[in-house]
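Observations on the model geometry
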Amino acid sequence: MKTMKYRYYCCIILIVYQMKKTTFLLSILAGTFFLIGCNGEQSNEGRQENRVIPAVEAVQAQFGGLPLEERLSGIVQARNQVDIYPRISAPVEEVTAENGEQVNKGDVLVRLRNNQYREQLRQAEANLRITKAQERQAQAALGELNSRMRRMRVLAERDLSSDLEMEQLQAELESAEANYELAQARVEQAESSVDEAEEALSQTVIRAPITGTVGQRSAEVGMQVDSNTRLYTIGDLGDSKITINLTERMLGYIEKGQSVRIFSENLGDTVLTGEISRISPFLGAGNFSTEAEIDVNNTGRLLLPGMFVSVDVLYGESEQATIVPLSALYRHPQTGETGIYVATGFDLESEMLEELNPGDNRSLSNPTDVEFVPVNIIAEGREAAGVTGVRSGQWVVTIGQNLLMQDREGGNARVRAVTWNQVLEKQDMQPQDLLRTILNSEVVENTGSDTATSNQL
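It should be emphasised that the depicted structure is a prediction, and the values quoted were computed from it without experimental measurement.

Observations concerning the packing of helix H4 (residues 115-157) against helix H5 (residues 163-202)
Any two packed helices are characterised by how steeply their axes cross, that is the angle between the axes, and by the distance between the axes. Where H4 meets H5, the closest approach of the two axes is 7 Å, and the angle between their N-to-C directions is 160 degrees. Between H4 and H5, the angle falls in the class roughly antiparallel. Viewed along their axes, H4 and H5 form a crossing whose handedness is left-handed. Tallied by class, residues from the contact of H4 with H5 come to 23 nonpolar, 10 polar and 12 charged.

Spelled out as structure tokens, the structure:
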């Protein structure tokens with residue numbers, strides 16, 4: 001029967017998950033089923049009424065300020081991360097850098113075939129020599145006409161030349177000056193062509209623009225490349241940059257210099273810290289958001305370029321209030337009120353259980369009164385909320401609220417005291433983790449039953 005019951009509970013969890021309920025709701029359901037299956041008992045009076053007294057988990061509310069934070073998604077980049085493209089079109093002749101290699105600025109990464117560009121350089125140099133020769137010819141012709149003009153002026157002063165001869169010589173001189181200027185311009189043009197050809201030839205050797213690590217190599221010997229072919233990505237992995245998007249609303253309370261926490265499933269329990277380094281003042285057209293950047297020291301190479309991470313931006317603290325876990329908040333289905341179930345008679349018994357069974361998290365109390373108390377939420381964080389309506393130190397139910405709906409006020413329940421860390425761990429649990437917990441509990445219970453049967457035999 002218990003095996004069928006666990007499978008039934010698992011099916012409920014899967015159905016709720018497929019309906020896109022939150023992980024938080026799954027935690028409540030799974031935790032409640034687990035407590036009922038393992039710890040639910042009938043009292044003498046309950047047996048007579050054929051009803052089960054539910055088992056719930058509760059934690060003590062605290063008093064203080066709630067850290068205000070905004071959880072965002074970020075993308076990791078290496079510092080100075082750039083993609084390397086060729087500037088010219090040519091086949092690859094040699095590849096000298098492999099993925100993961102550390103290179104220095106100026107190191108050769110790829111060599112392209114340069115026959116065509118060497119030939120273009122020789123043609124440009126030959127054309128330069130021709131234009132320089134033409135320049136010298138034009139200069140010589142201009143010098144000769146200047147000498148003739150000087151002699152003509154001497155003759156004109158002695159009335160030995162006519163005005164017509166002077167005008168013809170002046171026209172020839174102006175034409176020679178224009179030819180010389182034209183020759184000079186052609187020389188400059190030829191020199192520019194030589195420089196361009198030299199630059200094209202130098203581009204057949206592709207060098208590292210910065211010191212860093214290369215990756216995402218796509219260059220292979222023999223392949224034809226052009227300006228649209230990415231050959232490598234290079235960046236400094238010792239320092240990373242995380243980019244997050246901020247909406248127009250967030251710009252009202254998030255600013256440069258605020259602290260951040262960075263974590264990811266791939267990092268395990270490791271949490272990196274930093275601060276917002278830069279915020280772009282320009283909002284994107286249509287999406288009304290902008291980018292912020294976070295510089296992070298990555299000497300341990302924990303962050304890889306392209307990795308998605310979660311970023312908590314810490315931007316202040318709420319006013320002082322009673323702090324409860326988010327899992328304690330419950331919207332009563334009969335009244336629609338948001339409130340908290342408070343174990344009103346558990347204070348004294350919790351101290352006795354701690355004295356009798358120190359450190360035993362499985363201890364359940366005797367049936368105790370549980371009351372539904374409406375609350376006002378004055379601040380809400382990622383894991384906890386600040387509320388009014390309950391006092392610091394009161395025991396608030398975090399799992400099992402759905403079993404206390406017999407009436408509006410609440411009812412009786414057996415209470416298991418848990419710590420804040422345990423509550424927060426359950427709030428972060430994934431659906432597959434919850435199912436695994438239930439299935440493991442089923443195996444343990446069945447194994448225990450078999451052992452007990454063997455002992456009796």
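Some thoughts on the sheet that holds strand E6 (residues 108-112)
As summarised here, the arrangement of the 4 strands in space is E7-E6-E4-E9, forming an open sheet in which the pairing is antiparallel. Looking at strand neighbours, the two that pair on one side only are strand E7 (205-207) and strand E9 (224-225), the edges of this open sheet. Across 2 bridges, strand E4 (residues 90-95) lies against E9 in antiparallel orientation. Bridging from a neighbouring strand, Pro91 pairs with Gln224 of E9.

Some details on a negative patch on the surface
Among the surface-exposed residues, Glu188, Glu191, Asp195 and Glu198 lie close enough to one another that they form a single negatively charged patch. Structurally, Asp195 can be placed in helix H5.

So, helix H7 (residues 420-427)
Of all the positions in H7, only Trp420, Val423, Leu424 and Gln427 are classed as buried. End-on view of H7: buried residues confined to an arc of 95 degrees, all on one side of the axis. Exposed side of H7, more than 90 degrees from the buried face: Asn421 and Glu425 are the residues found there.

Thoughts on the pairing of E6
Here 3 bridges tie E4 to E6, and the two strands are oriented antiparallel to one another. Residue pairing for E6: Val92 is matched across the bridge by Leu112.

Focus: the sheet that holds strand E20 (residues 384-388)
Pairing between the strands of a sheet is mediated by backbone hydrogen bonds and can be parallel or antiparallel. Spatial ordering of the open sheet is given by E2-E15-E20-E19, a layout of 4 strands whose pairing is antiparallel. On the outer flanks of this sheet lie strand E2 (62-64) and strand E19 (376-380), each paired with one strand and no other. Each adjacent strand pair in this sheet contributes to an overall mean axis angle of 45 degrees, direction not counted. Two strands pair when backbone bridges link them, and strand E15 (residues 321-325) and E20 are joined in this way by 4 bridges, in the antiparallel orientation. The residue of E20 that forms the bridge with Ile323 is Gly386. Strand contacts of H7: E2, E15 and E20, with the helix running at about 55 degrees to E15, the strand carrying the most contacts.

Some thoughts on the packing of aromatic side chains
Counted by the stated rule, this structure contains 4 aromatic pairs. Taking 4.5 Å as the distance between ring centres and 40 degrees as the angle between the ring planes, the aromatic pair formed by Tyr253 and Tyr315 counts as tilted. You can see Tyr253 sitting in the loop between strand E10 (232-247) and strand E11 (259-263) and its partner Tyr315 sitting in strand E14 (residues 308-317), a full 62 residues away along the chain. The partly exposed category is assigned to Tyr253, whose relative accessible area is 22%. The class for Tyr315 is partly exposed, based on a relative accessible area of 26%. Ring geometry for Phe346 and Trp395: centres 5.0 Å apart, planes at 80 degrees, overall edge-to-face. Placement of Phe346 in the loop between strand E17 (338-343) and helix H6 (347-356) and of Trp395 in strand E21 (residues 395-399) is noted, with a sequence separation of 49 residues between them. For the pair Phe346 and Trp395, one class covers both residues: buried. Through a chain of ring-to-ring contacts, three or more aromatic side chains come together here, namely Tyr330, Tyr341 and Phe372.

Definitions and limits used
- Residues numbered from 1 in each chain as written.
- Predicted model: local features only at pLDDT ≥ 70, side-chain atom pairs only at ≥ 80, totals over all residues.
- Heavy atoms only, no water.
- Axes fitted to C-alpha atoms, helices over the stretch in contact; angles between N-to-C directions.
- Helix = DSSP H or I, 4+ residues; strand = E, 2+ residues; numbered from the N terminus.
- Parallel < 35°, antiparallel > 145°, perpendicular 65-115°, else oblique.
- Left-handed = near helix turned anticlockwise from the far one by under 90°.
- Nonpolar A, V, L, I, M, F, W, Y, C, P; charged D, E, K, R; others polar.
- Pairing = 2+ DSSP bridges.
- Patch = residues over 30% accessible without salt bridge, like charges linked within 9 Å, V, L, I, M, F, W, Y side chains within 5 Å.
- Areas by Shrake-Rupley, 256 points an atom, 1.4 Å probe, with all protein chains shown as cover.
- Salt bridge = Lys/Arg side-chain N within 4 Å of Asp/Glu carboxyl O.
- Lys, Arg positive; Asp, Glu negative; His and termini not counted.
- Charge placed at Lys NZ, Arg CZ, Asp CG, Glu CD.
- Buried < 20%, exposed > 50% of the residue type's maximum accessible area, 1.4 Å probe, protein only.
- Arc of directions from axis to C-beta.
- Contact = heavy atoms within 4.5 Å.
- Phe/Tyr/Trp six-rings, centres within 6.5 Å; stacked < 30°, edge-to-face > 60°.

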